[in-house]
Amino acid sequence: MWISVFLISSILHITAGNEGCTLSGTNHPLQEITAFTGQSVLLPCSCTVRQFDTPRLTWTKLTLGQEPVILTQSDLYIDRVELLNRKHPGNLSVLLSHLTQDDQGDYRCTLEDSDNWDIERDIRLYVKGCSLSDSNQLEIVRSPGQSVLLPCSCNELQAKPHKLTWTKLPAIPLTKCDLYRDRVAMFNTESSPGNLSVLLSFITKEDQGWYRCTINNQDTRDIHITVEGTVRTSGEAPSASSLQNNPIQYVLMAVLVVILIIAGMALYIYKRNKSIYPQLQPLDDPNAMHATVQHRNANQEDTTTPLCAPDDTSVIYCTIVHMTGKGKTAVSLENSGEIEYASIKTGRSS
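Residues numbered from 1 in each chain as written. Predicted model: local features only at pLDDT ≥ 70, side-chain atom pairs only at ≥ 80, totals over all residues. Heavy atoms only, no water.

If you check an unreviewed UniProt entry, the protein chain appears there as Ig-like domain-containing protein from Oncorhynchus tshawytscha. Checking UniProt for the protein chain, the heading Subcellular location (unreviewed entry) contains the comment "Cell membrane". (UniProt positions renumbered as here; feature names shortened; annotations may be inferred.)

In structure tokens:
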């Protein structure tokens, strides 16, 4: 009789003390949850039936041989703990953010009444961290102007390292140095935080050397880049971005173009003059030479080219005038008499 009264009284006391909240999951074994470093995890705890205000709630981390750590009062969890019962009174779960491997362990959700009657639920949290999937050294060969992927990743792609650094040895940080501004792209997105690879674009000879991926100030992977050859194969034009990032190539291309233009103009002038000016072929008599050759263009002054002649007064010279256009070559005599003329050839540009 007294036992039955005691049990009924205890049940009523617990129900009243917890103000209508019956904790869910207390009849089940220890719940195990697996999460990854850098992520958030929800530690579940709730009332199955709630009628009044939320009971007094405490979340603790249990440590063997030490006092439990209260999550809402410890500096280890400052700004990383969010109690959901502030918005939803029946939801006693806690959200733990920015996980580290030190967060692994056992956690307890406790409801307490004014008479220290406790209802508890325990959760064991496993936290998988980031360790490098491959720490072997790697050699990569590229040409100037190309891009290169430096591979580095966690064995768990969902795990995010507590700290990640990429450096060009001995100590040049890729993400903070002006030498690599706008040339470095990271792959550790929210959907794949364990992909620690980096893409280096528009490489130059100065980029040759050793690069190191470091996580959590301890695990490393070294990669060597060798830069050799040219940016393009035979017959392939350089891209605008390649020229922009390689000013020396741009200057050399400009100089080459200017040289080709000058050479083309010189060849055109040579062919034109060769076809326009008459070719004079003297006879076998060395004393017979022409006095003057004139080349006349429309609306231009006469151009006279004197020819040297031997000092022999017995030779009479003629004047040869060549006019551009449809006109023919005219030969005029300076004096009468018997004169022998050289053969005259004229040509026109096509």
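1. Regarding unusual backbone geometry
The omega angle of the peptide bond from L169 to P170 is 15°, so this bond is cis rather than trans. Along the chain, the position of P170 falls in the loop between β11 (164-168) and β12 (172-173). A positive phi angle, close to 50°, is found at H98, a residue other than glycine. For H98, a relative accessible area of 53% puts it in the exposed group. Positive phi outside glycine occurs at N217, with the angle close to 60°. The residue N217 is located in the loop between β15 (209-215) and β16 (219-227) in this model. (Helix = DSSP H or I, 4+ residues; strand = E, 2+ residues; numbered from the N terminus. Buried < 20%, exposed > 50% of the residue type's maximum accessible area, 1.4 Å probe, protein only.)

2. A closer look at the state of the cysteines
Tallied over the full model, the rule gives three disulfides. The disulfide bridge from C130 ends at C154, spanning 1.8 Å between sulfur atoms. A torsion of -85° about the S-S bond marks the disulfide between C130 and C154 as left-handed. Separated by 24 residues along the polypeptide, C130 in the loop between β8 (118-128) and β9 (138-142) and C154 in the loop between β10 (148-150) and β11 bring together distant segments of the chain. The side chain of C152 participates in a disulfide bridge whose partner is C213; the two sulfur atoms lie 2.2 Å from each other. Across the S-S bond of C152 and C213 the torsion is about -70°, and the bridge reads as left-handed. (Disulfide = S-S within 2.5 Å.)

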